[in-house]
Amino acid sequence: MNNDPRFPIGEFHYPETVSVPERDDFLDRMASTPARLRSAVAGLTEAQLDIPYREGGWTIRQVTHHIPDSHMNSYVRFKLALTEDEPTIKPYDEAAWATLGDTAQTPVETSLVLLESLHARWVNLLRGLTEEQWKRCMRHPANGLLRLDQVLALYAWHGDHHIAHITNAIQR
């Protein structure tokens, strides 16, 4: 565990290469993310959901809604990379999305179900990719050209990262 509450499992760094066993591990982590998130927030009261995961950070509610927001964007980016030649993807303002009314007004159960459904589709898509498809790329305006296996590593980390935010906040 990392002592920096912003990065409880450490900061992410894109891997140069991704082996098949590493990719399988990333896929397994992605497949388990919805259940692990559901478990992390199980039994929390509305008041507990509104506790920041760290001083100055998002609330547990915001983090819970952020994960499917982020993963929906990535799912679409994967599909674009699989059907277009090195598409330039559009970033979004995560902090602004976290303050929109749906984040405050929608029960977290809605985002838990959304994440379960999204990951069922996304992981099914990813498990069927060929070696050549894993090498396909997308262009991120800030991060440059990224292979799909590198982005998979990011989103396996991303779920783990935010679930750790929640579980650490609960332990405090």
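This write-up is about the structure you can find in this document.

About the criteria used
- Residues numbered from 1 in each chain as written.
- Predicted model: local features only at pLDDT ≥ 70, side-chain atom pairs only at ≥ 80, totals over all residues.
- Heavy atoms only, no water.
- Pairing = 2+ DSSP bridges.
- Helix = DSSP H or I, 4+ residues; strand = E, 2+ residues; numbered from the N terminus.
- Expected span 1.5 Å × (residues − 1).
- Buried < 20%, exposed > 50% of the residue type's maximum accessible area, 1.4 Å probe, protein only.
- Contact = heavy atoms within 4.5 Å.
- Axes fitted to C-alpha atoms, helices over the stretch in contact; angles between N-to-C directions.
- Parallel < 35°, antiparallel > 145°, perpendicular 65-115°, else oblique.
- Nonpolar A, V, L, I, M, F, W, Y, C, P; charged D, E, K, R; others polar.

**Side note on the pairing of strand S2 (residues 144-147)**
A regular strand places its side chains so that they alternate between the two faces of the sheet.
Stage number 1. Sheet topology note: the strand S1 (residues 137-140)/S2 ladder contains 4 bridges and is antiparallel. Note on S2: the bridge partner recorded for Met138 is Leu146.
Stage number 2. The antiparallel hairpin formed by S1 and S2 contains 3 residues in its connecting segment.

**Section: helix H6 (residues 108-127)**
Stage number 1. Between its first and last C-alpha, H6 extends 28 Å over 20 residues, near the 28 Å set by a 1.5 Å rise per residue.
Stage number 2. Here H6 has its buried residues at Val108, Ser111, Leu112, Leu115, Leu118, His119, Trp122, Val123 and Leu126.
Stage number 3. In this fold, the buried residues of H6 make contact with helix H1 (20-41), helix H2 (46-49), helix H3 (60-83), helix H7 (131-134) and helix H8 (148-171).

**Side note on the packing of H3 against H8**
Stage number 1. Packing of H3 against H8 leaves a shortest axis separation of 11 Å and a crossing angle of 175°. It follows that H3 is roughly antiparallel to H8 by the angle criterion. Residue-level contacts link Ile60, Val63, Thr64, His66, Ile67, Ser70, His71, Ser74, Arg77, Phe78, Ala81 and Leu82 of H3 to Leu148, Val151, Leu152, Tyr155, His158, Gly159, His162, Ile166, Ala169 and Ile170 of H8.
Stage number 2. Here the contact of H3 with H8 is composed, by residue class, of 13 nonpolar, 8 polar and 1 charged.

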